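Chain by chain, the residues:
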Amino acid sequence: MQLHLVINTFGADLQRRYGEKIYKLTLHGGFTCPNRDGTLGRGGCTFCNVSSIIDESIQVKSIHQQLAQQANQMKKSKRYLAYFQAYTSTYAEVDKLRLMYQSALASADIVGLCVGTRPDCVPNEALTLLAEYQQQGYEVWLELGLQTANDHTQKRINRGHNYADYHYTVQKARQLGIKVCTHLIIGLPGETKRDNLSTLNQVLDSGVDGLKLHPLHIVEGSIMAQSWRAGRITPLTLDEYVDIAGELIRHTPKHILFHRISANARKPTLLAPEWCENHWLSMNAVDKNLRQFGGQGQALGDVYRFQSHLDVNCE
Ligand code: SF4
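Residues numbered from 1 in each chain as written. Predicted model: local features only at pLDDT ≥ 70, side-chain atom pairs only at ≥ 80, totals over all residues. Heavy atoms only, no water.

**Q** What is the right way to look at the pattern of salt bridges in this model?
**A** Evaluated as defined, the whole model comprises 14 salt bridges. Note that Lys-24 is salt-bridged to Glu-143, the shortest N-O span being 2.7 Å. With Lys-24 in strand β1 (residues 22-27) and Glu-143 in strand β4 (residues 139-147), the pair connects residues that are 119 residues apart, well separated along the chain. When its relative accessible area of 12% is taken as the criterion, Lys-24 is described as buried. Classification of Glu-143 by relative accessible area gives buried; the value is 1%. In this structure, the salt-bridge partner of Glu-220 is Arg-229, at a minimum N-O distance of 2.8 Å. Assessed through its relative accessible area of 33%, Glu-220 is described here as partly exposed. A relative accessible area of 51% means that Arg-229 is categorised as exposed. Salt bridges here are not isolated pairs; linked through shared partners, they connect Asp-13, Arg-17, Glu-139 and Lys-179. (Salt bridge = Lys/Arg side-chain N within 4 Å of Asp/Glu carboxyl O. Helix = DSSP H or I, 4+ residues; strand = E, 2+ residues; numbered from the N terminus. Buried < 20%, exposed > 50% of the residue type's maximum accessible area, 1.4 Å probe, protein only.)

**Q** Help me understand helix α1 (residues 10-18) in this model?
**A** Working note: α-helix, 3.6 residues per turn, so residues spaced by three or four point in the same direction. Every buried residue of α1 is accounted for by Phe-10, Gly-11, Ala-12, Asp-13, Leu-14 and Gln-15. Buried residues belonging to α1 abut β1, β2 (79-84), β4 and β8 (257-260). Backbone geometry just after α1 places Gly-19 at a positive phi near 75°. (Contact = heavy atoms within 4.5 Å.)

**Q** Can you walk me through the packing of aromatic side chains in this structure?
**A** Aromatic ring pairs are defined here through the distance separating the ring centres and the angle between the ring planes. Under the counting rule described, the total for this entry stands at 5 aromatic pairs. With centroids separated by 5.3 Å and ring planes inclined at 75°, the aromatic side chains of Phe-10 and Trp-141 adopt a geometry described as edge-to-face. One end of the pair, Phe-10, is in helix α1; the other, Trp-141, is in strand β4, with 131 residues separating them in the sequence. Comparing Phe-10 with Trp-141, the two get one shared label, buried. For the pair Tyr-241 and Trp-275, a centre-to-centre distance of 5.5 Å together with 35° between the ring planes defines the contact as tilted. Of the two residues, Tyr-241 sits in helix α9 (residues 238-250) while Trp-275 sits in the loop between β9 (270-272) and α10 (279-293), which places them 34 residues apart along the sequence. Tyr-241 sits in the buried class, given a relative accessible area of 0%. Above the face of the Tyr-83 ring, Lys-24 is positioned so that its terminal group lies 4.2 Å from the ring centre. The ring of Phe-31 is capped by Lys-96, whose NZ or CZ atom sits 4.8 Å from the centre of that ring. (Phe/Tyr/Trp six-rings, centres within 6.5 Å; stacked < 30°, edge-to-face > 60°. Lys NZ or Arg CZ within 6 Å of the ring centre and 35° of its normal.)

Following this line, the structure appears as structure tokens:
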């Protein structure tokens, strides 16, 4: 599979700019989340179980140890991005944020930071700090979990913020020159392809530099797991996901970088759909859809000019 022939992938973009493969190392900074600690709510977003995406036990290790352990297991790369993935990685006083981010950047083989967070939880001090790192020459990405621009769905999945919060943070970040990667979920309860396209259009109108697409998957320990067991939620089939993801990619201008076009989880944490257990299944199917019906930007008349010598995935 050579996704970069049909999509402007983040992986290919990094390889072009750095002259080598750059991989992300995922970090747990020991942060929590206002939607879980009682500040906004206690139950969290209905789809969420953080331990399904990252090994929670690693937070007892220092940032340096977490990076070193993962880098040792990587054979294909010598330089990395430090990705603060777990929970809300801007949810702390700026001194703690500086300590965390700085300890990641202190490693000679780290080229920059990706910081995952909620759109309503990015204070000016955090943005100023990220802008400082960018000015020092580091690669810096603010990864915002939006999931959907539909405020009705946001309420239904208990996100605790709305689209206006997202738009406000994106404007502030981009005014400081910080690149924004927005996470979207395909297949949220009550949403159709039309809703996903509407979300994409709003995100494009607000301005964005990168996108991550995820299928909704039901994981053990989430509130949605109860609804799924009660038969109130039906996850998308692989074909449905591929159809929607393909359309979104075709409606995305070619200068926007896709950091991810699918995601997976492992059993027994993963409850449904089964195809989400195998990341490559959906990646290959989306790739095939794009080759058949047109690649990134083609619904807008863009023609993606690929670089055939590269062999990279989204991340
Ligand atoms: S998805 Fe993010 S914001 Fe929602 S409960 Fe989980 S950690 Fe908190």
